[in-house]
Amino acid sequence: MTVPREMPEKWPRVRGPGGAEEERRVRANAREYNEKFQYASNCIKTSKYNIVTFLPVNLFEQFQEVANTYFLFLLILQLIPQISSLSWFTTIVPLVLVLTITAVKDATDDYFRHKSDNQVNNRQSQVLISGVLRQEQWMNVRVGDIIKLENNQFVAADLLLLSSSEPHGLCYIETAELDGETNMKVRQAIPVTSELGDTSKLALFDGEVICEPPNNKLDKFGGTLYWKENKYPLSNQNMLLRGCVLRNTEWCFGLVIFAGPDTKLMQNSGRTKFKRTSIDRLMNTLVLWIFGFLVCMGVILAIGNAIWEHEVGVCFQIYLPWDEGVHSAFFSGFLSFWSYIIILNTVVPISLYVSVEVIRLGHSYFINWDKKMYCAKRRTPAEARTTTLNEELGQVEYIFSDKTGTLTQNIMVFSKCSVNGHSYGDVQDMLGHKAELGERPEPVDFSFNPLADPRFQFWDPSLLEAVKLGDPHVHEFFRLLSLCHTVMSEEKSEGELFYKAQSPDEGALVTAARNFGFVFRSRTPKTITVHELGRAITYQLLAILDFNNIRKRMSVIVRSPEGKIRLYCKGADTILLERLHPTNQDLTNVTTDHLNEYAGEGLRTLVLAYKDLEESYYEDWSERLHRASGAPEAREDRLARLYDEVEHDMMLLGATAIEDKLQQGVPETIAILTLANIKIWVLTGDKQETAVNIGYSCKMLTDDMTEVFVVTGHTVLEVREELRKAREKMMDASRSMGNGFSYQEKLSSTKLTSVLEAIAGEYALVINGHSLAHALEADMEVEFLETACACKAVICCRVTPLQKAQVVELVKKYKKAVTLAIGDGANDVSMIKTAHIGVGISGQEGIQAVLASDYSFSQFKFLQRLLLVHGRWSYLRMCKFLCYFFYKNFAFTMVHFWFGFFCGFSAQTVYDQYFITLYNIVYTSLPVLAMGVFDQDVPEQRSMEYPKLYEPGQLNLLFNKREFFICIAQGIYTSVLMFFIPYGVFADATRDDGAQLADYQSFAVTVATSLVIVVSVQIGLDTGFWTAINHFFIWGSLAAYFAILFAMHSDGLFQMFPNQFRFVGNAQNTLAQPTVWLTIALTTVVCVMPVVAFRFLKLDLKPELSDTVRYTQLEGFGELIMSGKNMRLSSLALSGFAARPSASWIETLRKKKGGEGSTACSPSGAPDKTLKV
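Figured I'd write up the structure that's included with this text. Owing to the predicted nature of the structure, the values given are computational and were not obtained by experimental measurement.

## Details of the packing of helix 9 (residues 278-311) against helix 27 (residues 862-900)
1) Next: Relative orientation of the contacting elements helix 9 and helix 27 amounts to 5°, with a least axis distance of 12 Å. Relative to helix 27, helix 9 is oriented roughly parallel. Contact residues: helix 9 offers Ile279, Met283, Ile290, Phe293, Met297, Ile300 and Leu301, while helix 27 offers Tyr875, Met878, Cys879, Leu882, Phe886, Phe890, Met894, Phe897 and Gly900.
2) Next: Residue composition of the contact of helix 9 with helix 27, by class: 15 nonpolar, one polar and no charged.

In structure tokens, the structure reads:
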């Protein structure tokens, strides 16, 4: 290879000081040269383990969990004879069970990863080796190899396209595996290599590529090819990325640049940030508190042991000697501390964590199986892509939504246009006047055009007449639409055109031009062929200035058959109007009025302009463009400056307006979510008027609102002033209504107090992207957030993907609220990943949003069911599960604490060690799991009808520190009665034969039986929705307890294991005594009755809204039903609604039975038939 003069003779470093790759150098057909750089092979590995490493690595990962390490520590303590009063299996059985379940799950997941890796790595590819094409497995492909692809084959690695079967080195690819888009995209080889079509020429190709290091940017690539003393710039248009599929191209050759883990596909497969729920964080805190409580109990009992041994135990040394190695009461107390840590460890059982995961998995399956969230049209079910966030779906306070494709269908229809100051598109009646609402005459007849799309409809015939009359402005308007795009045309049969567009907007505009006689037929890298009113014209394509989110415009430069060079440009009005020639001022004013009118109707608008270029200027500009394209550094910036230069002083042609209809059910969904006290913010790239109109269409904005504030300031001071005025207006209105609210200018940055509850009236905030940029600055973000949170609805227009994520991050930072982001496109990915919960809509814009999301479905309206049904139930079930779980374990464990005061603090257990082992994994595990998976407080229809039921989750009322302490108190109360009632009875009780009843084993059986029965009755009281599974698990667990109890005290087990099961017949003898059963019954009643009484009184005196809704079907309970107006009260007011003077529901039931019924009425006097809002 000959090195060109511009190329440095001494190569720069490929790797930096830290080993990171700074640039990549690849030489074609030179494996030995490329192997010096130790580039990754094309073998991919997504699995984590192999047969040798699985056990040690998996166990190491599992013991990263604090709980697992804690139980391993307990197991080690139990192996020390001096401090262990329990057999080692009481800890090792549940620990091994948990570790095994997790290991099996991990192994299964990794097996499927191995299977997938092997399938991909063993795919076949044709590699050019020593001038001959050989079949090689993908894993054996190396950087620098030249490979051949054939039609419909997957691309094996990231390739530089060298040549293809198509003219000019073109090839067509489908990128669905990368970005979800199924439309074809075009890639082109650089001209110098496009002629290398056979293997003999390619075998001699020794070009060298210097390019960027591996990265995850799918839409960017920068590099240079050095060959034959020349250098050629390379861009993303020359690359075929791994994961793409070759389409409509017989064959192509490519040079491997990135392989295996270095490919852009694999670089994008990094792990998503792990999200934890608020209940997870609270649970971790509570577990730490319980550990602290455990240590305190251990210290108390250890001190008791030391005192007892010093005062009492010393007197019994003859027949109760200290263990070997114990020489003082103090050391005895020290050992006793560790013994009690072992015995009392069940206050935090290891089964808690496994049970939580099982319940979450069940909730995820319910979402996946929900037929009411299945879209038959697209055959798309709802999908829970994570199992860790289900209960947080019941606590959402803020929803951040994209507009296009999320609230709307993203199916674009060319609706109206403005050409040279004349507006077209209004529906007209027979006399040519604007038709009234609801009138719709026949659509325009396009039969004159044999290439017209029969599905396209337009209602204003005057535009077609202008085309037929030869209006030059209208012709130029549609000529621009037929030339300025990146659409691919496919003609399956003569005159049957199919357009494949990268965006629905482009497809709609090109289709409109097609129907009005300007038909885009085909394109090559250098030409575009258009049929203009039946006449085929081929334009020379000189340059494409592509669209991106920063430029917000696209241009093409073409040369007409007459030799005239013209630039055509289309883009956002905010960008294009400031780039027009000053002579366009009058036309600009008229067109701006039309744009505002279109935007006010909710239409998406674009401005069209053109500019004639002199031949000499274009030649000079083209030369500079070529140099900038080959620049090794700052290439993007140089190109942007050149694009900006040529796109100035343009002539205005007109504007287009495209309709994007709302999805079905969006207004109703937003209305119901708003009534659930969920605040919805729309973050969109559309212009303000369009977004506001959609806001009214979907009922986010209403005419009943007190005021809609619009922030459009261009400077920091203007934005600050507009936000200040908005707050002042809200405060003034609030004071005038007598709220007596005193506004504080300064708020704490750590805890922002929303003024939402303090102000009167409903407000909305609309803010533009340039204003939002200032509002998000550090010194103003609190003011912006406070103003926005005081509003019922917030719409942010013209926002970038980064700004979307910043807004979500701002609310997360200052508000103690759960956020949910929902979107359908790649521009929503950052917002979806930033929010607590990300939801992807599988719509028209590919599946990038879905791949980044936690939950996905196909229509926005399903969000209502996801939150109000699945989310609310998941939160309710998890809270009830946790409350009961902590209760039953404190009731179980604290009995040991009380027993310590009666056994000389000797760390003797009350229960049999087998009962301790089986309590959490057999006797009480399945009933609480059934409740956690299946429980409901109200049916799903009621959850949807009464949005206010959602508020307890937002306020975190069902499980918090207060509820936790109530559960602990109930557990301790139960343990006191569980120990002292049998203790008191057994002190003087006798058997039927007059013998003393009080022996240790009989006491243990009585207390254990009482415990199992009490906790079973308690879960029966806690269960709100009984299924056959609940019945089977609760009564089955009781039956299993008695069966195991009698088995362990049977002759058979004693004969097999005489050292383990010594107490033959104890259970049978104990439970045969009426005194024992009376004791169990008394303990059960005394433990349960206060709970029953409290719940009964609470239901009568201060019922929750869910109680009200649950019992609406009972006669007479209608008096507690509220009118629709009252349903809009705040949650705090709602929680106390039952305290108003009224007869209790019990009294009402009595009256009803006595025939004194009356119909509950709303304040207006009308019968209040339902609670719907």
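## Quick look at the pairing of strand 20 (residues 518-523)
Taken residue by residue, a regular strand's side chains alternate between the two faces of the sheet.
1) Next: Counting buried residues along strand 20, five of its six residues qualify, which places the element largely inside the surrounding structure.
2) Next: In the sheet, strand 20 pairs with strand 21 (residues 527-532) via five bridges, with the strands oriented antiparallel. Across the sheet, residue Phe520 finds its bridge partner in strand 21, namely Val530.
3) Next: Between the antiparallel neighbours strand 20 and strand 21 lie three residues.

## Considerations on the sheet that holds strand 33 (residues 855-857)
1) Next: Strand order across the open sheet formed by nine strands is 14-33-32-31-15-27-30-29-28, with mixed pairing between neighbours. Since the sheet does not close on itself, it has two edges, and those belong to strand 14 (383-384) and strand 28 (707-711), each with one partner.
2) Next: Taken together, the two bridges between strand 14 and strand 33 define a ladder with antiparallel strand orientation. Counterpart to Ala384 in the pairing with strand 33 is Tyr855.
3) Next: Across the sheet, helix 27 touches strand 15 (396-401), strand 31 (818-823), strand 32 (837-841) and strand 33, and the angle it forms with strand 33 is around 140°.

## Overview of the environment of Tyr70
1) Next: For Tyr70, the position within the fold is in helix 3 (residues 66-78).
2) Next: When its relative accessible area of 14% is taken as the criterion, Tyr70 is described as buried.
3) Next: With residues near it in sequence (within four places) discarded, Tyr70 still touches Phe291, Leu294 and Asn345.

## Focus: the sheet that holds strand 6 (residues 170-174)
By definition, the strands of a sheet pair up through backbone hydrogen bonds, in either a parallel or an antiparallel sense.
1) Next: Within the open sheet, the three strands sit side by side as 7-6-12. Their pairing is antiparallel. Both outer strands of the open sheet, strand 7 (184-188) and strand 12 (245-247), are each paired with one neighbouring strand and no more. Neighbouring strand axes in the sheet, compared pairwise and without regard to direction, differ in orientation by 45° on average.
2) Next: Inspection of the sheet shows strand 6 paired to strand 12 by three bridges, in the antiparallel sense. Bridge pairing in strand 12 links Ile173 to Leu246.

## Thoughts on the packing of aromatic side chains
1) Next: For the structure on display, the rule yields 61 aromatic pairs.
2) Next: Cluster of aromatic residues (ring-pair linked, three or more members): Phe897, Trp898, Phe899, Phe901, Phe902, Phe905, Phe979, Phe980, Tyr983, Phe986, Tyr1000 and Phe1003.
3) Next: Here the basic side chain of Arg24 rests over the ring of Tyr39, its NZ or CZ set 3.9 Å away from the ring centre.
4) Next: Just above the ring of Tyr398 sits the side chain of Lys679; from NZ or CZ to the centre is 5.3 Å.

## Quick look at helix 11 (residues 351-369)
Note: α-helices contain 3.6 residues per turn, so residues at a spacing of three or four share the same orientation.
1) Next: Helix length check: helix 11 (19 residues) gives 27 Å between terminal C-alpha atoms against 27 Å at 1.5 Å per residue, within 8%.
2) Next: Buried residues of helix 11: Ser351, Leu352, Val354, Ser355, Val356, Ile359, Arg360, Gly362, His363, Ser364 and Ile367, and no others.

## A few points about the packing of helix 3 against helix 10 (residues 329-343)
1) Next: Two elements in contact, helix 3 and helix 10, have axes whose closest approach is 10 Å; the angle formed by their N-to-C orientations is 130°. The angle between the axes of helix 3 and helix 10 places the two elements in the oblique class. Crossing angle aside, the handedness with which helix 3 passes helix 10 is left-handed. On helix 10, the residues that touch Phe73, Leu74, Leu77 and Gln78 of helix 3 are Trp338, Ile341 and Ile342.

Calculation notes
- Residues numbered from 1 in each chain as written.
- Predicted model: local features only at pLDDT ≥ 70, side-chain atom pairs only at ≥ 80, totals over all residues.
- Heavy atoms only, no water.
- Axes fitted to C-alpha atoms, helices over the stretch in contact; angles between N-to-C directions.
- Helix = DSSP H or I, 4+ residues; strand = E, 2+ residues; numbered from the N terminus.
- Parallel < 35°, antiparallel > 145°, perpendicular 65-115°, else oblique.
- Contact = heavy atoms within 4.5 Å.
- Nonpolar A, V, L, I, M, F, W, Y, C, P; charged D, E, K, R; others polar.
- Buried < 20%, exposed > 50% of the residue type's maximum accessible area, 1.4 Å probe, protein only.
- Pairing = 2+ DSSP bridges.
- Phe/Tyr/Trp six-rings, centres within 6.5 Å; stacked < 30°, edge-to-face > 60°.
- Lys NZ or Arg CZ within 6 Å of the ring centre and 35° of its normal.
- Expected span 1.5 Å × (residues − 1).
- Left-handed = near helix turned anticlockwise from the far one by under 90°.

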